[in-house]
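Chain by chain, the residues:
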Amino acid sequence: MWKSKTVSIVLPAYNEEKYIRPAVEDFFVDGIVDEVVVVDNNSRDRTAEEAMATRARVVREDVQGYGHALRRGLREATGELVIMAEPDGTFVGRDVMKLLAYADDFEMVCGTRTTRELIWHQANMGWFLRWGNWIVAKLIQVLYGGPSLTDCGCTLRLVRRPAAQRLLPRFTVGGSHFLPEMVCLALLDGARLIEV
């Protein structure tokens, strides 16, 4: 729990057999995280079996696609604060504290992979993806009246349950561009959003 609010972690998983078990254990931050939901998106390896050997709740999303897996995770999570992350080592369990620090003041807290000093070397993107993400983020910022944005494609983000429930029926994207859509819809909804 975080300040008497329950916290859920959603980990979308496709062929993450090697990483899923350590990720689940790492994201179960003692005294903070109440549940970890692993969404198996038709993995061809032993991802589901490895996840079931942990304390996580494993659900299956049969419709293939990153966005479909995240949407399923948002529906399945029971926490008042829902945090989405990657199970591949891009983020670590203690990263949830960076988001939770802003949870009282914002309905959505988005992470960024563009601040080199604050993230792991492995999480840094190549220059092409970094600049592409920055350009799209700035377009969203201008077109939708958002706050300063630098990385609209970062999975690491927190959303309060009421905001997630308002957005869920409006999602249309099932692929990797689900994350920018989520930011656009949140801004159109008038949600208070910050990137950290």
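That block above? That's the structure.
Predicted model only: the values in this text are computed from it and were never measured. (Residues numbered from 1 in each chain as written. Predicted model: local features only at pLDDT ≥ 70, side-chain atom pairs only at ≥ 80, totals over all residues. Heavy atoms only, no water.)

A. Spatial organisation of the packing of aromatic side chains. Following the criterion strictly, the structure yields one aromatic pair and no others. Directly above the aromatic system of Phe-106 lies the positively charged group of Arg-192, at a separation of 4.7 Å from the ring centroid. (Phe/Tyr/Trp six-rings, centres within 6.5 Å; stacked < 30°, edge-to-face > 60°. Lys NZ or Arg CZ within 6 Å of the ring centre and 35° of its normal.)

B. Representation of the pattern of salt bridges in the model. Applying the stated criterion across every chain yields a total of 15 salt bridges. Here Glu-61 ties to Arg-72 by a salt bridge, and the two come within 3.7 Å at their closest N and O atoms. Of this pair, Glu-61 sits in the loop between strand E3 (57-60) and helix H3 (66-76) while Arg-72 sits in helix H3, and the two are 11 residues apart along the sequence. Of the residues examined, Glu-61 reaches a relative accessible area of 7% and is grouped as buried. Taken together, the shared-partner salt bridges in this structure form one network comprising Glu-35, Arg-57, Glu-61, Arg-72, Arg-75 and Glu-76. (Salt bridge = Lys/Arg side-chain N within 4 Å of Asp/Glu carboxyl O. Helix = DSSP H or I, 4+ residues; strand = E, 2+ residues; numbered from the N terminus. Buried < 20%, exposed > 50% of the residue type's maximum accessible area, 1.4 Å probe, protein only.)

C. Local environment of the sheet that holds strand E6 (residues 157-160). Strand order in the open sheet formed by seven strands is E3-E2-E1-E4-E6-E5-E7, and the pairing between neighbours is mixed. The sheet terminates laterally at E3 and strand E7 (193-195), the two strands that pair on one side only. Each strand of the sheet is rotated relative to its neighbour by a mean of 20°, with strand direction disregarded. Across three bridges, the pairing between strand E5 (residues 108-110) and E7 is parallel. Of the residues in E7, the one forming a bridge with Met-108 is Leu-193. Across the sheet, H3 lies against strand E1 (7-13), strand E2 (35-40), E3, strand E4 (81-84) and E6, angled at about 155° from E1, the strand it touches most. Here helix H7 (residues 178-188) sits on the sheet and contacts E4, E5, E6 and E7; the angle it forms with E6, its principal contact strand, is near 40°. (Pairing = 2+ DSSP bridges. Axes fitted to C-alpha atoms, helices over the stretch in contact; angles between N-to-C directions. Contact = heavy atoms within 4.5 Å.)

D. Expanded view of unusual backbone geometry. Backbone geometry at Lys-3 places phi at a positive 50°, although glycine is not the residue there. Using a relative accessible area of 52% as the deciding quantity, one classes Lys-3 as exposed. Its identity is not glycine, yet Ser-4 carries a phi of approximately 65°, on the positive side. With respect to the secondary-structure elements, Ser-4 resides in the segment before E1. With a relative accessible area of 60%, Ser-4 lands in the exposed category.

E. Region of interest: the environment of Ala-69. Secondary-structure assignment places Ala-69 in helix H3. Since its relative accessible area comes to 2%, Ala-69 is described here as buried. Between the C-alpha atom of Ala-69 and that of Gly-174, which follows or precedes it by 105 residues, the distance is 8.0 Å. When residues no more than four places from it in sequence are discounted, the contact partners of Ala-69 are Pro-12, Val-39, Asn-41 and Glu-61.

F. Representation of the side chain of Asn-41 in the model. Within the secondary structure, Asn-41 is located in the loop between E2 and helix H2 (47-52). Here the side chain of Asn-41 touches Glu-61 through a polar contact of 2.9 Å, landing on its backbone oxygen. For Asn-41, the contacting residues outside a window of four places in its chain are Ala-13, Tyr-14, Glu-61, Val-63, Gln-64, Gly-65, Tyr-66 and Ala-69. (Polar contact = N/O pair within 3.5 Å; in protein donor to acceptor, adjacent residues only side chain to side chain.)

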